[in-house]
Amino acid sequence: MENTSEPSPPTPTSSAAEDRVLVERAQAGDTRAFDDLVRKYTTKLYGLVYNMTSNREDTADLLQEIFAKAYRSVKRFQGKSSFYTWIYSISVNMTLNFLKKRGRYTKVSLDDVDNGIQNDPEFIKITTAHRDTIREVNIHELQKRLNDAMSKLSDDHRVVVTLYDIQGHQHNEISKMLGVSEGTIRSRLFYAHRLLQTHLEDLVK
Amino acid sequence: MSEFEDIQRLIRLKRYETPSEDFVEDFLAQFHQRQRSELLRHSARGLLWERVATYFDDLVSPKWVMAGVTACMAIVAAWGAMNIVSGGGQQSSVAMIAAEPAPMPAQVALVVDSELIREAEQGRQLEIEGILLSRHFESEGVALPDETTVVSVSGETVPVSAELLPMSFSGFNR
């Protein structure tokens, strides 16, 4: 079993208690409360869906469907899990279904330069410490390499890497979202990391 | 320290793949527009169905659904059983059974009657013959007619011939 370093948890903009209040208001018919939930979770879910689909248009369309489904189902939400886990479960399931329908076709959008990556210490470290290996590396190239490596993973492995490494969720949270055991999550992570290492070996050596 | 720490740090750079700043508000506006258009697209039947489904979702919990289904099945089963027993007639089966005595099977009744009667008659006949013989020996001077009649259990007169008597006795009488 892999002994991975725990990523820093995502910084929540508001607590689960605030979510509960918003959900109760939304269940009572307050559409503005649901709008607040959409505002809060759009960016987070965007990261999940985009890293799975690798396409911005698909991501936007899928997010619309995800929130539409959540809006229809919010009255049935009983609060057994947090809204955060619930909405992530919906997103993961809908994204995996979408990918099954789409097949192995992937269209990676590289037109947009992702904001902030130039200032990330990891990016700076990679581009300075390993100049001998990746002399000509730039944002687009690095992004392309990462996307290519991610696309080599199966959907089940990619979603675990996205939730754990990119979004910083804990094993137990991912276990609840996907409905599989923590052991399975760790096993998938180990396999995915090993595969990614073979594809990005020159960047990390 | 994990053997994959370097690769994890590298993959973590993908967290910068975020939407633009105005994406969220535009997304929300599109979401509202989509909801309105969906409402307009819905047919009257679809709306009715959705309302009914929502009503029952709110009203009925799964355990009540199960209880309701079970109750319906029990009512249907009871109704079916009543129809089968009454045979479609208007009179209650219980009343009919109480009013009419259960008929005995004809063959069984005849067999029992005939055997009983035969046994009784034969027994009676032998008893009468025994009495007559004992009387005969008690009163020697009284002549016994050749043929006498006895009354059977059924009330019929049965002739008893002296020839049927043992030879010694019949010879002695004569």
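Residues numbered from 1 in each chain as written. Chains lettered and ligands numbered in written order. Predicted model: local features only at pLDDT ≥ 70, side-chain atom pairs only at ≥ 80, totals over all residues. Heavy atoms only, no water.

Caption draft 1: The pattern of salt bridges, seen in detail. In the structure shown here, the tally under the stated rule is 11 salt bridges over all chains. For aspartate 148 of chain A, the salt bridge is made with lysine 144 of chain A, and the minimal N-O distance between the two is 3.1 Å. Highlighted residues: aspartate 148 of chain A and lysine 144 of chain A, both in helix 6 (residues 139-151), separated by four residues, approximately one helical turn. Lysine 14 of chain B is the partner of glutamate 17 of chain B in a salt bridge, and the nearest nitrogen-oxygen pair spans 3.0 Å. The buried category is assigned to glutamate 17 of chain B, whose relative accessible area is 3%. (Salt bridge = Lys/Arg side-chain N within 4 Å of Asp/Glu carboxyl O. Helix = DSSP H or I, 4+ residues; strand = E, 2+ residues; numbered from the N terminus. Buried < 20%, exposed > 50% of the residue type's maximum accessible area, 1.4 Å probe, protein only.)

Caption draft 2: Seen up close, the interface of chain A and chain B. The interface is formed by 52 residues belonging to chain A together with 30 residues belonging to chain B. Between chain A and chain B, the buried area comes to about 3,900 Å², and carbon and sulfur atoms account for 63% of it. Between arginine 39 of chain A and glutamate 25 of chain B there is a salt bridge; the shortest N-O distance is 2.9 Å. Along the contact surface separating chain A from chain B lie eight residue pairs in polar contact (both at pLDDT 80 or more). Split into classes, the residues belonging to the side of chain A that touches chain B amount to 24 nonpolar, 14 polar and 14 charged. (Contact = heavy atoms within 4.5 Å. Buried area = accessible area lost by both parts, 1.4 Å probe. Polar contact = N/O pair within 3.5 Å; in protein donor to acceptor, adjacent residues only side chain to side chain. Nonpolar A, V, L, I, M, F, W, Y, C, P; charged D, E, K, R; others polar.)

Caption draft 3: Main features of the environment of tryptophan 86 of chain A. Residues and elements named next belong to chain A. Within the secondary structure, tryptophan 86 sits in helix 4 (residues 83-102). For the pair tryptophan 86 and alanine 70, spaced 16 residues apart in sequence, the C-alpha separation works out to 9.0 Å. Ignoring sequence-local partners within four residues, the contact set of tryptophan 86 consists of Ala70, Ser73, Val74, Phe77 and Ser81.

Caption draft 4: Representation of helix 6 of chain A within the structure. Residue and element names in this part refer to chain A. Over its 13 residues, helix 6 runs 18 Å from end to end, which matches the ideal 18 Å to within 8%, given 1.5 Å per residue. Regarding helix 6, the residues found buried are Ile139, Leu142, Gln143, Leu146, Asn147, Ala149 and Met150. Taken end-on, helix 6 shows its buried residues confined to a sector of 160°, consistent with a single buried face. (Expected span 1.5 Å × (residues − 1). Arc of directions from axis to C-beta.)

Caption draft 5: Layout of the nonpolar core. The biggest cluster of nonpolar side chains holds 64 residues, and the ones touching the most others in it are Leu45, Leu63, Ile66, Phe67, Ile87 and Leu163 of chain A together with Leu10 of chain B. Among the elements that line this core, the one with the most residues is helix 2 (residues 31-53) of chain A, at 11 residues. (Core = buried A, V, L, I, M, F, W, Y, C linked by side-chain atoms within 4.5 Å.)

Caption draft 6: Representation of unusual backbone geometry within the structure. Residue serine 54 of chain A is not a glycine yet carries a positive backbone phi of 60°. Here serine 54 of chain A lies in the loop between helix 2 and helix 3 (56-73).

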